[in-house]
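# Remarks on the overall topology
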Amino acid sequence: MNTPATLAETRDAVVSGARSAADVCREALARIDAADPSLHAFHTVTAERALARATEIDTNRARFRGAPLAGVPVGLKDNICTNGVRTTASSRILETFVPPYDATVVTRLHAAGAVLVGKTNCDEFAMGSSTENSAFGPSRNPWAADRIPGGSSGGSAVAVAAGMTPLSLGSETGGSIRQPAAMCGVFGLKPTYGRVSRYGLLAFGSSFDQIGPVTRTARDAAIALGVIAGADPADSTASLEAVPDYTAGLTGETRGLRIGVPSRLLETGVDADILRAVRTAIDTLRARGATIVDIELPHAKYAIPVYYLVATAEASSNLARYDGVRYGLRDTQNELGAMYSRTRERGFGAEVKRRIMLGTYVLSAGYYDAYYLKAQQVRTLILRDYAQAFERVDVVAMPTSPIPPFKLGERASDPLQMYLADIFTVSANLAGLPAVSVPCGFTADRLPIGLQLTGRAFDEGTILRTADAYERDTEWWKQAPPIATR
Amino acid sequence: MLAFAMPPEFTRAQVEAIAALAHLELDPAEVEMFARQLGDILALADQVQQVDTSGVSPTAYGVGPHSADRPDRVVPSLDIADVLANAPDSDRPRAGGGFFKVPRVIG
């Protein structure tokens, strides 16, 4: 079996001179050409710019010798602004939007020697768990093309799983990096809220939104996080907390590590194959010297209602800016109010409208205290649950998704069923905590399964170390779908 | 705390009122769909009412505080012509132009 190269292998090959950045770039573009017509991971492929950039790296090799991402092809979720490259958020309302500036993460990737090869598909404005809410058509799972890749960062996960790029960036509001990573059999990291600048990320839920990497391995995610993390004058919520050397922390050491498992939370509604794979993964960590502790997260069952009340409230406010005045679609009308409402009616898809409606309702006079304020109070209790758990353990382990990837269209008419599948991911977003999804097996139908590890705020180091140690004892991360090795 | 009964299902008029607040002009099929779905979603969301939150302060951000304070120095901003290049309508073609254009608001 020919596993696609990791980020570290790709970078090392370019730095050592074994391969040119241009050669690596051409291979990535060829893989996109071959596989993307059937998978639709990308909206926009920036072939010319990418090759020019790769050639620039090759002709200035000395300058990029120490660059952590020298010559690494990267796909960026299409809600991350790229100067001069169309950024749609998979929405008709931004179909023609070309940002006049780069997101901070893009500037940092560029400085680290990365080569941007394109913009990846996602649910419209990152609202969804299947990438079916893209106005430009869904992405497909490389392991089973009739199934969803997960979402909302589905295209980013597909790009890595199908061997198109060793790194892509996604964004999370309620699990949108971890869930598609789990469903595509790759590694996904949602950093602590504030670890990575949100400048240039199209806003959805501002108290949740966070950018993070999708990669093949924990080590690759550690390298990428080291590049994109850190304070930013352009985002006051980007933390001043120092950025450690994440790769130096990958020691393989798990003796003495205390891993909490919320057993009661896993009792109902989890697919049997997923539960079995996650239990086996926890046994693997126990065999490496970790201590497994049963923990309670008594308010975790309220995470979905809290999330959908608070996140939609924030979304209804954030998406007010799309009104046909400054960018994107305009439905020309003689009257200003009609222009706003016609533009938004034409420009937004059903899921985005649904969330704007819900958010508008919960913020409206008479309902604010009962829904929005109440949800924020329960959010406090969810935070306290985690704070208490982290007094006893270093990591919390559970499945990333309770269900394997389902068939395209299967849940399209039932948004509520779609929301319920976010049960294990949203609480980390509510609490602002870092979490990863690492491949830990397959269902009987050979659909990938992800193990989720959540850590203390700003302690990405411990969950990355745990995941990296797990990868040393397992081969799941080396598995690639046939389309990736063709 | 609840001074009202939660609507189990939204009426068309309620959906249209929310849509008006959100600057959305829904078509009749959407009004019908959202009347049903918003009721379903709020029935789920209403689970939060079961939780005793007396004396619990609300959380607006999971992790904080952040680096909000920095010197208030004037730095270059985006180029106006670049920004207006995305506008559906502007006075950019005119020399020195710097405005977005919208339908007439006053008389």
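Read on for a plain summary of the structure. Bear in mind the structure is a predicted one, so any value in this text is a computation, not a measurement.

### Points about the overall build of chain A
- What chain A contains, in helices and strands, is 16 helices and eleven strands.
- Its C-alpha atoms give chain A a radius of gyration of 21 Å, near enough to 23 Å, the size a compact globule of 486 residues would have.
- Along the longest, intermediate and shortest principal axes, the C-alpha atoms of chain A span 60 × 55 × 45 Å.
- Here chain A holds 486 residues, and 68% of them are scored as buried.
- Relative to all contacts within chain A whose residues are 6 or more apart in sequence, the contacts with residues 24 or more apart total 77%.

### Examining the overall build of chain B
- Across its full length, chain B carries three helices and zero strands.
- Reading the helices (α) and strands (β) of chain B from amino to carboxyl end gives α-α-α.
- With 107 residues in all, chain B has 32% of them scored as buried.
- Here the contacts in chain B between residues at least 6 apart in sequence split such that 23% fall between residues at least 24 apart.
- For chain B, the accessible surface area stands at approximately 7,000 Å², while carbon and sulfur atoms represent 55% of it.

### A closer look at the sheet that holds strand β9 (residues 395-399) of chain A
Residue and element names in this part refer to chain A.
- The strand order across the open sheet formed by eleven strands is β1-β3-β2-β4-β6-β5-β10-β11-β9-β7-β8, and the pairing between neighbours is mixed. Two strands lie at the open edges of the sheet, namely β1 (42-45) and β8 (291-294), each paired on one side alone. Taken over all neighbouring pairs, the strand axes of this sheet differ in orientation by 30° on average, direction set aside.
- Lying on the sheet, helix α5 (residues 154-161) is in contact with β1, β2 (73-77), β3 (115-120), β4 (167-172) and β6 (210-215); it crosses β4 at an angle near 155°.

### Focus on the environment of threonine 332 of chain A
- With respect to the secondary-structure elements, threonine 332 of chain A resides in the loop between α9 (303-318) and α10 (336-347).
- Residues threonine 332 of chain A and threonine 343 of chain A, spaced eleven residues apart in sequence, show a C-alpha to C-alpha distance of 8.0 Å.

### Things to note about α5 of chain A
Residue and element names in this part refer to chain A.
- The element α5 is extensively covered by neighbouring structure, given that eight of its eight residues are classed as buried.
- Among the residues making up α5, those that are buried are Gly154, Gly155, Ser156, Ala157, Val158, Ala159, Val160 and Ala161.
- Once α5 ends, the next one or two residues include glycine 163, with phi positive near 75°.

### Remarks on the pattern of salt bridges
Residue and element names in this part refer to chain A.
- Tallied over the full model, the rule gives 28 salt bridges over all chains.
- Arginine 19 is paired through a salt bridge with aspartate 23; the nearest N and O atoms lie 3.1 Å apart.
- In this structure, arginine 53 engages glutamate 56 in a salt bridge whose closest nitrogen and oxygen atoms are separated by 3.6 Å. You can see arginine 53 and its partner glutamate 56 sitting in helix α3 (residues 47-59), three residues apart, about one turn around the helix.
- Arginine 53 sits in the buried class, given a relative accessible area of 8%.
- With a relative accessible area of 31%, glutamate 56 lands in the partly exposed category.
- Because the salt bridges share partners, they merge into one network encompassing Arg19, Asp23, Glu27 and Arg31.

### Side note on the packing of α9 of chain A against helix α12 (residues 368-392) of chain A
Residues and elements named next belong to chain A.
- Contact pair α9 / α12: the axes reach a minimum separation of 9 Å and the direction vectors enclose 130°. Taken as axis vectors, α9 and α12 run oblique relative to one another. Viewed along their axes, α9 and α12 form a crossing whose handedness is left-handed. Residues Ala303, Val306, Leu309, Val310, Ala313 and Glu314 of α9 form the contact with α12, whose participating residues are Tyr371, Tyr372, Ala375, Gln376, Val378, Arg379 and Ile382.

Conventions used here
- Residues numbered from 1 in each chain as written.
- Chains lettered and ligands numbered in written order.
- Predicted model: local features only at pLDDT ≥ 70, side-chain atom pairs only at ≥ 80, totals over all residues.
- Heavy atoms only, no water.
- Helix = DSSP H or I, 4+ residues; strand = E, 2+ residues; numbered from the N terminus.
- Rg over C-alpha atoms; globule rule 2.2 N^0.38 Å.
- Buried < 20%, exposed > 50% of the residue type's maximum accessible area, 1.4 Å probe, protein only.
- Contact = heavy atoms within 4.5 Å.
- Areas by Shrake-Rupley, 256 points an atom, 1.4 Å probe, with all protein chains shown as cover.
- Pairing = 2+ DSSP bridges.
- Axes fitted to C-alpha atoms, helices over the stretch in contact; angles between N-to-C directions.
- Salt bridge = Lys/Arg side-chain N within 4 Å of Asp/Glu carboxyl O.
- Parallel < 35°, antiparallel > 145°, perpendicular 65-115°, else oblique.
- Left-handed = near helix turned anticlockwise from the far one by under 90°.

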